[in-house]
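# Residue-level structural notes
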Amino acid sequence: GTWSSEKLNQSRKENPFMMTWVPSSSRHKVPNMTHGEGVYLYDDTGKQYLDWTSQAVCANLGHDIPESVVEAAAYQMRQLPFTYGGIGITEVRTRLNQLMGEILPGDLRAAVYPSSGAEANEAGIMMAKRFTGRQKVISWYRSYHGATAHAGAATGDLRRWYGSDSVPGFIKAFNPFPLFFRHGGSQATEQEQVETALLMLEEQILNEGPDNIASIVMESIVGAGGCLVMPDGYMQGIRALCDKYGILMHVDEVMVGFGRTGTLFGFQNYEGVMPDIVSCAKGISSAAIPLSMTACNSKIMEFFEDKPLGWGSTYQAHPVAMAVAYENIKYLLQNNVVGRAQNMSPLFEACMQKVAEDHPSIKQYRCIGLFGCFDVHDFDGQSPKLQHEVAHEAFAKYKEAYLNEGLVGLHRYPHIHCAPPLNIKEEELIDGFQRLDRALTVLDEALGY
Ligand code: PLP
């Protein structure tokens, strides 16, 4: 039977588990969730929460999995729950691959299906190193790519400080994000900033030795780092530099792929940009099961026809996970989930704008599709704070109010992300912004406005 709240809490105290990016003690309140319904989650006290970031920007269909997805998982579990990818190929893999071929633009083809976003990036980095015979990788400071060795080393944000930046050969560059520039940058036009960033990147490539650089890894729209949409010309400029020096363009679509920005893939927001390698996860299964995917162009695919990739994991191409992804993607397509998210985005942006105007604690906002981010006002763009420190007393008070108002979501101070399920209804979206509005009043007060 179901455990009572007392039993759950007592057992957690006696049998502690670790949290990952936050401290572990049961003194830090995290609700015991019992069930979900649409965009809402319910805890063991019956309290309702609106899921304001689709968990870690992955539960894109909220918390009711379509029946077709459940049935496909059950069918596959009964039929053949598992074959190891190198020992047997399942029908579902062939079917999913065909579907991927239809939705991936250009000559991109799905190559492997690991379990997490980090692994999808590991696979992509390995593809680039083996294909080019080069060892270095360039990525952005303003990025997150996962917590395994190479994905962690490619990561620019402070989470790599815990140890994954000890892998050699990973070089960081700054993307041209004017809002974060303090000195002089604000006087330069966006176009000038793009040109400067590209010139600096080329200078870095030349200084590292173009023949040493396998790939440039980048999020199409920087997610955890604050919903950063690259200014016009920058991604096209990177594509041109990659072509000039034989470097592969690896786009990480883990957070925004499968509809978050109102297009199927985030890079489709940049005209004429076609990556060589694309990594996906999260939305591929709408988080119903762990699955990721790494796609590459036909030249890379051909290169590995007679040699192994040299990277793998036991659950790569797990049949049950692929069955879930297949039905999930079919559901997204048949119900025009991405188009509906796009249609909802003007209302989303209007709400973002109103909240930013109404709250002195908010400095600015950015958004695209159903993905948005507010920056808290005292953020100077230069001082990342360790997540395991209680970053800011006022922010802690705001987070408590957020929970009390019936919102759950990721927080990465000084950013406040908004990424509700893609199938959220208009009235639910407005309700979510109203809850956020009330929580931000607490932040305004706590910051002394
Ligand atoms: N890449 C991006 C852009 C992400 O946002 C994330 C996770 O948030 C990852 C990679 C890592 O994915 P995972 O946590 O599934 O390993």
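Given the structure is predicted, the values throughout are model-derived calculations rather than measurements. Position labels on residues start from 1 in each chain and follow its written sequence. Reporting of local features is limited, given that this is a predicted model, to residues whose pLDDT is at least 70; pairs of side-chain atoms are given and counted only at 80 or more, and all residues count toward the totals for whole chains, interfaces and linings.

### Structural notes on the overall build of the chain
- Helix and strand assignments follow DSSP, with helices taken as H or I runs no shorter than four residues and strands as E runs no shorter than two, numbered in order from the N terminus. From N to C terminus, the chain includes 13 helices and 17 strands.
- By the compact-globule yardstick of 22 Å for 449 residues, the chain fits well, its C-alpha radius of gyration being 22 Å.
- Exposure classes come from backbone-placed C-beta atoms, where a residue is buried if 20 or more other C-beta atoms lie within 10 Å of its own, exposed if 12 or fewer do, and partly exposed in between. For the chain, the proportion of its 449 residues judged to be buried stands at 45%.
- In the chain, the proportion of contacts linking residues at least 24 apart, taken out of those at least 6 apart, comes to 75%. Taken over C-alpha atoms, the radius of gyration is set against a globule rule of 2.2 Å times the number of residues to the power 0.38. Once C-beta atoms are placed from the backbone, any two residues with those atoms within 7 Å are in contact.

### Description of the site of the ligand
- Using a C-beta atom placed from the backbone, a residue is scored as near a molecule or strand whenever that atom is within 6 Å of it. Residues in contact with the ligand amount to 15 residues; listed here are only the nearest, Gly-117, Ala-118, Gly-146, Val-254 and Met-255.
- Charged residues are taken to be Asp, Glu, Lys and Arg, nonpolar residues to be Ala, Val, Leu, Ile, Met, Phe, Trp, Tyr, Cys and Pro, and polar residues to be all remaining types, Gly included. Of the residues assigned to the shell around the ligand, the class counts are 7 nonpolar, 6 polar and 2 charged.

### Regarding the domain arrangement of the chain
- As annotated, the domain borders come from an automatic or database domain assignment. Domain annotation for the chain reports domain 1 (5-52 + 336-446) and domain 2 (67-334).
- A separation of 26 Å is found between the C-alpha centroids of domain 1 and domain 2.
- At the interface, 24 residues of domain 1 touch 20 residues of domain 2.
- Within the residue set of the side of domain 1 that touches domain 2, elements represented by two or more residues are helix H11 (337-358), strand E13 (362-368) and strand E14 (371-376).

### Comments concerning the pairing of E13
- Note: two strands are recorded as paired if DSSP finds a minimum of 2 bridges between them. Bridge count between E13 and E14: 6 bridges; the pairing is antiparallel. What sits directly across from Ile-362, in E14, is Val-376.
- Where E13 folds back on E14, the antiparallel hairpin that results is connected by 2 residues, among which Gly-369 adopts a positive phi of roughly 60 degrees.

### As for the sheet that holds strand E1 (residues 33-37)
- The mixed open sheet is built from 4 strands, whose spatial order is E1-E2-E3-E15. Each end of this open sheet is capped by a strand with a single partner; those strands are E1 and strand E15 (407-408).

### Structural notes on the nonpolar core
- Grouped together as the largest cluster of nonpolar side chains are 120 residues, with contacts concentrated most on Met-322, Val-324 and Ala-325.
- Tallying contributions element by element places helix H10 (residues 319-334) first for this core, with 9 residues.
- When residues of this core are sorted by domain, at least three fall in each of domain 1 (5-52 + 336-446) and domain 2 (67-334). A set of buried Ala, Val, Leu, Ile, Met, Phe, Trp, Tyr and Cys residues, joined through C-beta atoms within 7 Å, is what we mean by a nonpolar core.

### Re the packing of helix H7 (residues 190-208) against helix H8 (residues 234-245)
- To obtain each axis, a line is fitted to C-alpha atoms, and for helices this fit is confined to the stretch in contact; angles are then taken between N-to-C directions over 0 to 180 degrees. One can describe the packing of H7 onto H8 by two numbers: an axis separation of 10 Å at closest approach and a directional angle of 25 degrees. In terms of axis orientation, H7 runs roughly parallel to H8. In this structure, H7 meets H8 at a crossing whose hand is right-handed. Residues Val-194, Ala-197, Leu-198, Leu-201, Glu-202 and Ile-205 of H7 lie in contact with H8, whose contacting residues are Tyr-234, Gly-237, Leu-241 and Tyr-245.
- Taken together, the residues of the contact of H7 with H8 break down into 8 nonpolar, 1 polar and 1 charged. An angle below 35 degrees is treated as roughly parallel, one above 145 as roughly antiparallel, one from 65 to 115 as roughly perpendicular, and anything else as oblique. Working rule for handedness: look at the near helix, and if it is turned counterclockwise from the far one by less than a right angle, call the crossing left-handed; if clockwise, right-handed.

### Considerations on the sheet that holds strand E12 (residues 293-296)
- Reading across from one edge, E4-E12-E11-E10-E7-E5-E6 is the order of the 7 strands in this open sheet, with mixed pairing throughout. Because the sheet does not close on itself, it has two edges, and the strands there are strand E4 (109-112) and strand E6 (170-173). If you compare each strand with its neighbour and ignore which way they point, the axes differ by 25 degrees on average.
- Both strand E5 (residues 136-140) and E6 contribute to a ladder of 4 bridges, which runs parallel. Each bridged residue has a counterpart across the sheet, and for Trp-140 the counterpart in E6 is Ala-173.

### A few points about unusual backbone geometry
- Along the chain, Tyr-413 connects to Pro-414 via a cis peptide bond; the corresponding omega equals 5 degrees.
- Examined against the element boundaries, Pro-414 turns out to sit in the loop between strand E16 (411-412) and strand E17 (415-418).
- Of note in the backbone geometry, Gln-55 takes a positive phi value of approximately 60 degrees without being a glycine.
- With respect to the helices and strands, the residue Gln-55 is situated in helix H2 (residues 54-57).
- Even without being a glycine, Phe-258 presents a positive backbone phi close to 65 degrees.
- Note on placement: Phe-258 falls in the loop between strand E10 (248-252) and strand E11 (277-280).
- Judged by the 27 C-beta atoms lying within 10 Å of it, Phe-258 falls in the buried class.

### Focus: H8
- Taking 1.5 Å of rise per residue, 12 residues should cover 16 Å, and H8 covers 17 Å from first to last C-alpha, within 8% of that figure.
- Along H8, the residues classified as buried are Tyr-234, Met-235, Gly-237 and Ile-238. Looking down the long axis of H8, one finds its buried residues gathered within 155 degrees of arc, a one-sided arrangement. In H8, the exposed positions that point more than 90 degrees away from the buried face belong to Asp-243 and Lys-244.
- In this fold, the buried residues of H8 make contact with H7, strand E7 (213-219) and E10. In this scheme, a helix's expected span is set at 1.5 Å multiplied by one less than its residue total. This arc is taken over the directions from the axis of the helix to the C-beta atoms.

### Observations regarding the packing of helix H4 (residues 91-103) against H10
- Relative to each other, H4 and H10 sit at 35 degrees, their axes nearing to 9 Å. Considering the relative orientation of H4 and H10, their crossing is left-handed. Across from Val-92, Arg-93, Arg-95, Leu-96 and Leu-99 in H4, the residues of H10 making contact are Pro-319, Met-322, Ala-323, Ala-325, Tyr-326 and Ile-329.
- Looking at the contact of H4 with H10 residue by residue, the classes come out as 9 nonpolar, no polar and 2 charged.

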